[in-house]
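Next come the chains, spelled out residue by residue.
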Amino acid sequence: MDNGDIEGGDEEFRAPLGRKYRPVVANDRAVLQMSSMDTGSPSGSSLKNVKVDAQENMGSDARQNHENIGVNGSQMDSKLELFGFDSLVNILGLRSMTEQIAAPSSPREGRDGREGDDAPVPYGRPQPSEVKLGTMMGVFIPCLQSILGIIYYIRFTWIVGMAGIGESLVLVAFCGLCTFLTSISLSAIATNGAMKGGGPYYLIGRALGPEVGVSIGLCFFLGNAVAGALYVLGAVETFLKAVPAAGIFRETVTKVNGTATAQSIQSPSSHDLQIYGIVVTIIICFIVFGGVKMINRVAPAFLVPVLFSLFCIFVGVLLAKKDYPAPGITGLSLKTFKDNWSSDYQKTNNAGIPDPNGAVTWSFNALVGLFFPAVTGIMAGSNRSASLKDTQRSIPIGTLAATLTTTVMYLISVLFFGALATREKLLTDRLFTATVAWPLPAIVHIGIILSTLGAALQSMTGAPRLLAAIANDDILPILNYFKVADGNEPYIATFFTAFICVGCVIFGNLDLITPTITMFFLLCYAGVNLSCFLLDLLDAPSWRPRWKFHHWSMSFLGAALCIVIMFLISWSFTVVSLALASLIYYYVSLKGKAGDWGDGFKSAYFQLALRSLRSLGANQVHPKNWYPIPLIFCRPWGKLPENVPCHPKLCDFANCMKKKGRGMSIFVSILDGDYHECAEDAKVACRQLDTYIEYKRCEGVAEIVVAPNMTEGFRGIVQTMGLGNLKPNIVVMRYPEIWRRENLTEIPATFVGIINDCIVANKAVVIVKGLDEWPNEYQRQYGTIDLYWIVRDGGLMLLLSQLLLTKESFESCKIQVFCIAEEDSDAEMLKADVKKFLYDLRMHAEVIVITMKSWEVQVEGVPQQDESLDAYNAGQRRIAHYMAEMKATAEKEGTPLMADGKPVIVNEQQVEKFLHTMLKLNSTILRHSRMAAVVLVSLPPPPTNHPAYFYMEYMDMLVENVPRLLIVRGYRRDVVTLFT
């Protein structure tokens, strides 16, 4: 049969009831919709074309090597000939494994837009790469420069004065422990394989999936952008304190009462901070536009003044004496140390100056939010992962060295500052570090300004590249404006970052910006810890980090500390930040493109599935826990157009067998032929079928089986498909309505064989008649769902009717249960029992009992349906003709009666009985269910030793003129229960 013979041809026919049937044809609307879909491979492409493309994509050396291998062996003396052309030691194959191939623009596409393995592998010499950085210049110095910043210079002594030495030590140790554990987690993930650009976004996205990666990555981008404003304000405030004459507006004067001598504290005007901050941000933006090379050249120079200023501060601490170099300084004194040991939280104004009438009330929680940005910056090295010589060595050593160095320096500074000056001096002198610096305060002023400007420059450089890295992964289409080609500068992302930075500068308040930065950085740190925790806990075979000094408990503790710190700082800020990350996550889930990165959640699902499967075992599932797992037999009868792998309505019916999407469907198609010859065709067909399932929004998997014929293929499927209790329990297929019309003589034997195989394999069977008429999700049905419950099937028919009611198409229907009783005396008792049973099952249905006399008794006075009688008489004639041909063949060959290649025993009286029973059942259905939306009826098993042709005649008599029918057979197992 060619493609033109499409299940019934192009002509339409009408049932005697007047319903118009329209078989699926090539120009059908559903078929045309499928034709426009991208199946991932050229539609209609043959295996020959695939082979030609593969040869064309090979390099010339590869083709030559391939041609040298003959049928009987290689022309060259190769000891590894058995392993074939693609041996590991083959120079081209080895080169393709070791070369660094540029990452595709989309996680689902290769260089030329083709998916995954279809993308050609470029051969040739590696392209020259740029100069790589080592541990010192690539990780340690950037981390050190990012950690040491404005908080230490102009807020750290104030924190010591407010919290005291004791709580300040706790504060530094608490925040330092959080970043230290995060550094260990970062080191473990970074040493688990090659790492590309993107920093923590790359690590989190590849570990927890694109949704989590993008949501945390965007928050981390916002944190870096806001941090730029923090550093700019710090530099401007220091400049205005050092040069008060540069102020445009009048300074803010704050009276400090409650001291020995009333003092007036002058602070820069907020308007000056805003104006100068905007100007500095614009200047930095222009520098960033100049390129990252210039920034990398001058970045180390910014660190020298910082280190020199730190040296001057500690020398000044050691040389300080009472009231030298300023009043309030006592020198290193044990008495001062004791006086400053405890905390003294006070109210301050918005500038941080103590004021009894101030609007800001400080506590330990608030100080955590203020100080935590002083320990951030540990991601500066991982942000440069693409520029490092050896990421697996440099990131752990450089990051941990910078973290430990700064933490120890902070702890020592707490002790020194707490023993050096009175609490009043620590709280009122905003530039105390410059005051005590030796020999001149100007050295610290210059150091502060250069360090903060350098940090701001790093933030304005790193944030746009982080945003560009997220955009280049092509997860969110809305970020396409920020994409950049390799080697180009992210100008649009830089402008957007500068816009955010300017917006934060306009606020002009350092103490209000720092909690916001803290939340975004803590989200990122929590994501890194959770990534390491998940990967370490799952312990997948691919999880082999070189950094051995870690444990899942450390990652869990690091993530818990991050969450605790967030809530300590401000529960409102925490809720807002988590809500923002959740909204981004939800948006990416809805609008984003899938990235096949092998994230840890997939490993978690795999482990959970394995554990669940083991817990389920191989025992029978209790009816309370039973879910239908249908095996959808896609195209067993006839053919569909080449670009339609399955009947367009079959997925609609599969969705009707699920309650709220719960359950799994397995779509199976059998490809006739030899497996070695048809393996590539099977892969193409599987991709097409998988695309069809996704297009129809049906949760399920696609499987293509190559077998010599349909019977052998189905027997292999029904025995091996699935695992444990996740094996399919219902076989779903369409009724072969075309078998006589198309004269397909092989269909009866195949159809009967499939039903018998399902009975032997203990699988339930659902056969759909009238699939062309099955409604989609938008076609609402009215009327009734009629069940002709003849045999005990474990409640499968009842369950299917309830599942149909959960769909919008059938939610307006009502259920009618027709019970067949052979004797009148059983009718009332049967009706009462069924009503009680349905009541206990919480089912609302009308019960109707129909008495059906045994076939020997002629029922007089009850007219049969004319159309049923016509079909019955036609079936009798065909059976008689088939019987006569069997007898003639047997007499001619001298053999017993044979059908379908095996001997049969025909009892003509029994054949007449079966046909007559189907007539009465069909007539009953037409009499009571002519207006039903769908009819369900029990499936009779094929009689033993009857020809398959006879069984098809019985079934045709049953389904005659019924427009939409489900023929159901259970599998000797209850699927519903009365009990809670």
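Model, not experiment: these values are computed from the prediction.

Caption draft 1: Local environment of the overall build of the protein. What the protein contains, in helices and strands, is 32 helices and 18 strands. In the protein, 80% of the contacts between residues at least 6 apart in sequence involve partners at least 24 apart. Roughly 46,800 Å² of accessible area belongs to the protein as shown, and the carbon and sulfur atoms make up 58% of that amount.

Caption draft 2: Seen up close, a nonpolar patch on the surface. Taken together, the side chains of Ile248, Phe249, Ile275, Val279, Ile283, Ile287, Met294 and Val298 make up a nonpolar region of the molecular surface, amounting to roughly 650 Å² of accessible area. Sorting the residues of the nonpolar patch by element identifies α10 (270–289) and α11 (292–319) as the ones contributing at least two each. The element that contributes the greatest number of residues to the nonpolar patch is α10, accounting for four residues. A relative accessible area of 36% places Ile275 in the partly exposed class.

Caption draft 3: View of the nonpolar core. If you look at the biggest cluster of nonpolar residues, it comprises 140 residues, and the most contacted ones within it are Phe156, Val214, Leu367, Phe371 and Tyr410. In this structure, Leu367 is in contact with Trp158, Ile159, Met162, Ala163, Leu171, Tyr345 and Trp362, ignoring residues within four places of it in sequence. Residues Ile820, Leu921, Tyr949 and Val962 belong to the second largest nonpolar core, which totals 61 residues.

Caption draft 4: Representation of the side chain of Thr135. Mapped onto the elements, Thr135 comes out in helix α5 (residues 135–147). Within the local environment of Thr135, its side chain forms a polar contact with the side chain of Ser394, the two groups lying 3.0 Å apart. Not counting residues within four places of it along the chain, the set of residues in contact with Thr135 comprises Phe140, Arg393, Ser394, Ile397 and Gly398.

Caption draft 5: Molecular detail of the confidence of the model for the protein. For the protein, mean pLDDT is 77; residues scoring 70 or higher make up 77% of the total. Overall, residues 258–262 carries pLDDT values under 50, and its contacts beyond four positions in sequence, including any with other chains, amount to four contacts.

Caption draft 6: Structural view of unusual backbone geometry. Cis geometry marks the peptide bond from Tyr324 to Pro325, where omega comes out at 10°. Among the secondary structure elements, Pro325 is positioned in the loop between α11 and α12 (334–339). Positioned with a positive phi, Asp474 is a non-glycine residue whose angle comes to about 60°. Residue placement: Asp474 occurs in the loop between α18 (441–472) and α19 (491–507). According to the relative accessible area criterion, Asp474 is buried, its value standing at 9%.

Caption draft 7: Quick peek at helix α27 (residues 747–760). Here α27 is 14 residues long and its end C-alpha atoms lie 20 Å apart, about the 20 Å a rise of 1.5 Å per residue gives. Counting buried residues in α27 gives ten out of 14 residues, a clear majority hidden from the surface. Among all positions of α27, only Ile747, Pro748, Thr750, Phe751, Val752, Gly753, Ile754, Ile755, Asp757 and Cys758 are buried. On its buried face, α27 is in contact with β7 (630–633), α26 (710–720), β10 (730–734), β11 (764–769) and α32 (948–959). Phi turns positive one or two residues past the end of α27, at Asn762, with a value near 60°.

Caption draft 8: Representation of the sheet that holds strand β18 (residues 965–969) in the model. Taken in spatial order, the ten strands make up an open sheet running β9-β8-β7-β10-β11-β18-β17-β12-β13-β14, and their pairing is mixed. Two strands close off the open sheet at either side, each with one partner strand: β9 (700–707) and β14 (845–851). On average, each strand axis in the sheet is tilted by 20° relative to the strand beside it, whichever way the strands run. Together, β12 (784–789), β13 (814–821), β14 and β17 (934–938) form the strand contacts of helix α31 (residues 908–928), whose direction differs from that of β12 by roughly 155°.

Caption draft 9: Just the packing of aromatic side chains, in detail. The full count for this structure, using the stated rule, is 32 aromatic pairs. Aromatic pair Tyr152 and Phe417: ring centres 6.3 Å apart, planes at 45°, arrangement tilted. You can see Tyr152 sitting in helix α6 (residues 150–154) and its partner Phe417 sitting in helix α15 (residues 391–418), a full 265 residues away along the chain. Comparing Tyr152 with Phe417 shows no difference in burial state: the two are buried.

Caption draft 10: Representation of the environment of Asn729 in the model. Mapping Asn729 onto the fold places it in the loop between α26 and β10. A relative accessible area of 10% places Asn729 in the buried class. In sequence terms Asn729 and Ala764 are 35 residues apart; their C-alpha atoms lie 6.0 Å from each other.

Caption draft 11: Inspection of the pattern of salt bridges at higher detail. Per the stated rule, a full pass over the model turns up twelve salt bridges. Close ionic contact of Lys483 with Asp474 constitutes a salt bridge, the shortest N to O distance being 3.3 Å.

Caption draft 12: Looking closely at the pairing of β18. The buried count for β18 comes to four of five residues, which makes it a mostly enclosed element. The pairing of β11 with β18 spans five bridges and is antiparallel. In the strand pairing of β18, Ile767 is matched with Ile967. Pairing of β17 with β18, which is carried by four bridges, proceeds in the parallel orientation. Within the sheet, the bridge partner assigned to Leu936 lies in β18 and is Leu966. Tracing the backbone out of β17, into α32 and back to the parallel element β18 gives a crossover that is right-handed.

Caption draft 13: View of the pairing of β11. Of all six residues in β11, six are buried, a share of seventy percent or more. With five bridges joining them, β10 and β11 adopt parallel strand pairing. Along β11, the bridge assignment pairs Val732 with Val766.

Caption draft 14: Looking closely at the environment of Pro628. Summarising the element assignment, Pro628 is placed in the loop between α23 (600–616) and β7. Between the alpha carbons of Pro628 and Pro728 there is a distance of 7.7 Å; along the sequence they are 100 residues apart.

Caption draft 15: Highlighting α31. Given a rise of 1.5 Å per residue, 21 residues ought to cover 30 Å, and the 31 Å separating the end C-alpha atoms of α31 matches this to within 8%. Listed in full, the buried residues belonging to α31 are Val911, Leu915, His916, Met918, Leu919, Lys920, Leu921, Asn922, Ser923, Thr924, Ile925 and Leu926. Where α31 begins, the side chain of Asn907 points an oxygen toward the backbone nitrogen of Gln909, at a separation of 3.1 Å.

Caption draft 16: Up close: the packing of α26 against α27. Two elements in contact, α26 and α27, have axes separated by 10 Å at closest approach and are oriented at 15°. As far as their axial angle goes, α27 and α26 are roughly parallel. When you trace α26 past α27, the crossing you get is right-handed. Contacts from Met710, Thr711, Phe714 and Arg715 in α26 reach Thr750, Ile754, Asp757 and Cys758 in α27.

Caption draft 17: How the structure looks around the state of the cysteines. Tallied over the entire structure, the rule returns zero disulfides. Of all cysteine sulfurs, the one in Cys562 lies closest to Cys178, which takes part in no disulfide; the gap is 3.4 Å. With a relative accessible area of 0%, Cys178 lands in the buried category.

Caption draft 18: Region of interest: the environment of Ser187. If you trace the backbone, Ser187 turns up in helix α7 (residues 156–190). A relative accessible area of 0% places Ser187 in the buried class. Sequence separation between Ser187 and Ser394 is 207 residues; the distance between their C-alpha atoms is 9.3 Å. Beyond its immediate sequence surroundings of up to four residues, Ser187 is in contact with Ile395, Pro396, Leu400 and Trp547.

Calculation notes
Residues numbered from 1 in each chain as written. Predicted model: local features only at pLDDT ≥ 70, side-chain atom pairs only at ≥ 80, totals over all residues. Heavy atoms only, no water. Helix = DSSP H or I, 4+ residues; strand = E, 2+ residues; numbered from the N terminus. Contact = heavy atoms within 4.5 Å. Areas by Shrake-Rupley, 256 points an atom, 1.4 Å probe, with all protein chains shown as cover. Patch = residues over 30% accessible without salt bridge, like charges linked within 9 Å, V, L, I, M, F, W, Y side chains within 5 Å. Salt bridge = Lys/Arg side-chain N within 4 Å of Asp/Glu carboxyl O. Buried < 20%, exposed > 50% of the residue type's maximum accessible area, 1.4 Å probe, protein only. Core = buried A, V, L, I, M, F, W, Y, C linked by side-chain atoms within 4.5 Å. Polar contact = N/O pair within 3.5 Å; in protein donor to acceptor, adjacent residues only side chain to side chain. pLDDT = per-residue confidence, 0-100. Expected span 1.5 Å × (residues − 1). Pairing = 2+ DSSP bridges. Axes fitted to C-alpha atoms, helices over the stretch in contact; angles between N-to-C directions. Phe/Tyr/Trp six-rings, centres within 6.5 Å; stacked < 30°, edge-to-face > 60°. Right-handed = clockwise from strand over helix to strand, strands pointing away. Parallel < 35°, antiparallel > 145°, perpendicular 65-115°, else oblique. Left-handed = near helix turned anticlockwise from the far one by under 90°. Disulfide = S-S within 2.5 Å.

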